[in-house]
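An overview of the molecular structure
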Amino acid sequence: MPVLKAAAFALALTLAAFAAHADAPPLKIGVLTDASGPYVDSGGQGSVVAAEMAAKDFGGEVLGRKIEILLGDTLNKPDVAVGVARRWFDVEGVSAITDLPVTPVAFSVQALAKEKNRTVLITAGATTDITAKYCAPGSSHWADDTYAMATSIAKAETAAGAKTWFFLTVDTAFGAALQKTTMVVVEKAGGKLLGSVKYPINAPDFSSQLLQAQSSGADRVALASVGADLDNQIKQGAEFGIGRDGKQTMVGFLIYIQSVHAVGLATAQNLNLTSGFYWDQSDQSRAFAKRFFETQHMMPSRNHAAIYAAVTHYLEAIKTAGTDDTAAVGKAMRAAPIDYFGHPAKMRSDGRVMYDLTLYRVKTPAESKGPWDYYQRIRDIPAEEAFAPANTALCGP
């Protein structure tokens with residue numbers, strides 16, 4: 001009889017544990033992205049797929065809670081993004097939000113997350129101020145930021161002899177930061193700015209701006225742009241002969257591989273760019289890219305890769321902390337090393353994720369071995385050289 005009672009008691013405990021597991025609320029992660037606009041190729045559904053891959057590889061659950069990935073469309077408007085984020089936090093119990101393209105969107109959702117004591121994993125918004133001015137325990141920045149892109153490209157181009165510059169700059173904090181940071185390096189090297197024009201996101205035509213750039217005679221026509229706007233500028237610039245006469249060269253900063261694919265190697269060839277991720281850079285990146293390609297039929301962007309790495313690291317931190325409490329998870333994320341597709345990385349106290357960048361040149365059609373074989377490595381840039389120093393006065397040591 002005692003044996004039967006013991007067995008019944010053990011069975012009751014097992015059933016209770018099973019019921020508790022079944023009743024545990026899911027761990028929800030929101031992918032807040034451009035799902036229908038000019039940045040849909042570098043984000044969009046691919047961002048959801050990257051987050052889902054990370055959740056699946058982690059085992060589909062954490063601390064007995066099923067992992068759910070949600071999709072929201074920012075429409076590239078801060079008020080829309082904040083509306084979605086607020087509903088997710090207040091009504092749907094979302095623990096973390098990732099992606100967040102365009103700087104105003106990233107800033108707005110980052111501020112709301114700080115107010116609500118939730119986590120943001122910013123992988124698309126690129127301005128350095130995300131950590132330099134607005135660091136928070138629950139905020140981390142995984143994108144190649146404006147300081148890293150601007151200084152790396154500026155140093156490479158000035159070393160190649162570029163003295164005079166003309167900018168086409170998107171009218172956002174991202175564009176302004178790229179231009180300002182680039183010109184600090186250029187002017188220090190003895191160069192100067194001959195002119196610049198601003199334009200709104202998703203502008204229909206760039207003929208006027210490109211003609212101004214061409215008539216300036218500047219050595220470099222700098223495109224402080226991203227997504228479909230950048231694609232159109234590269235294509236229209238080539239139509240005007242910019243970069244084809246040996247007098248001027250177009251320079252990009254935040255160039256996603258989708259942009260190179262869209263405009264073609266014949267148009268994009270010999271552009272220099274920096275990136276912390278390229279699908280063909282390591283065994284781990286190639287394995288990730290192969291799986292991503294199976295559903296998306298394109299190689300992952302640096303944003304897609306960052307989402308996979310960020311969600312993975314976030315889930316590991318929840319497991320380590322034993323909770324999804326924002327402060328505890330943020331502390332665990334900063335303490336643990338990061339495997340960035342076979343390359344070591346770490347998170348600073350301000351949330352800046354530190355990894356080496358690589359300077360690439362876009363291959364010529366003759367150099368490419370096939371579709372998506374687009375980048376030729378020039379040199380690696382150590383993380384401490386690429387990224388701005390931490391603002392320890394604001395964010396701690």
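Scroll up a little and you will see the structure.
Moving on, we come to helix H9 (residues 227-239). Between its first and last C-alpha, H9 extends 19 Å over 13 residues, near the 18 Å set by a 1.5 Å rise per residue. For H9, the full list of buried residues reads Gly227, Asp229, Leu230, Asp231, Gln233, Ile234, Gln236 and Gly237.

Let us look at the packing of aromatic side chains. According to the stated counting rule, one finds 18 aromatic pairs in the structure shown. For the ring pair Phe277 and Phe288, a centre distance of 6.3 Å and an interplane angle of 80° mean the geometry is edge-to-face. Of the two residues, Phe277 is situated in the loop between strand S11 (272-275) and helix H12 (283-296) and Phe288 in helix H12; the sequence distance between them amounts to eleven residues. Phe277 gets classed as buried once you look at its relative accessible area, which sits at 3%. Residue classification places Phe288 among the buried positions, given a relative accessible area of 3%. Site record: aromatic cluster; members linked through ring pairs are Phe277, Phe288, Phe292, Tyr308, Tyr340, Phe341, Tyr355 and Phe387.

The subject of this paragraph is the pattern of salt bridges. Evaluated as defined, the whole model comprises 16 salt bridges. The partner of Glu157 in a salt bridge is Arg220, and the shortest N-O contact between them spans 2.7 Å. Of the two residues, Glu157 sits in helix H6 (residues 146-159) while Arg220 sits in strand S9 (residues 220-224), which places them 63 residues apart along the sequence. Take Glu157 and Arg220: they sit in the same class, and that class is buried. The salt bridge partner of Arg286 is Asp283, with a shortest N-O separation of 2.8 Å.

So, about the state of the cysteines. Inspection of every chain in the model, using the stated rule, returns one disulfide. In this model, Cys135 is linked to Cys395 through a disulfide, with the two sulfur atoms separated by 1.9 Å. Because the sign of the S-S torsion sets the handedness, a value of about -95° for the bond joining Cys135 and Cys395 places this disulfide among the left-handed ones. Here Cys395 lies in helix H16 (residues 392-395) and Cys135 lies in the loop between helix H5 (129-132) and strand S6 (139-141), a separation of 260 residues in the sequence. When its relative accessible area of 13% is taken as the criterion, Cys135 is described as buried. A relative accessible area of 16% means that Cys395 is categorised as buried.

Reading the values: the criteria
- Residues numbered from 1 in each chain as written.
- Predicted model: local features only at pLDDT ≥ 70, side-chain atom pairs only at ≥ 80, totals over all residues.
- Heavy atoms only, no water.
- Helix = DSSP H or I, 4+ residues; strand = E, 2+ residues; numbered from the N terminus.
- Expected span 1.5 Å × (residues − 1).
- Buried < 20%, exposed > 50% of the residue type's maximum accessible area, 1.4 Å probe, protein only.
- Phe/Tyr/Trp six-rings, centres within 6.5 Å; stacked < 30°, edge-to-face > 60°.
- Salt bridge = Lys/Arg side-chain N within 4 Å of Asp/Glu carboxyl O.
- Disulfide = S-S within 2.5 Å.

Structural measurements only, silent on function.
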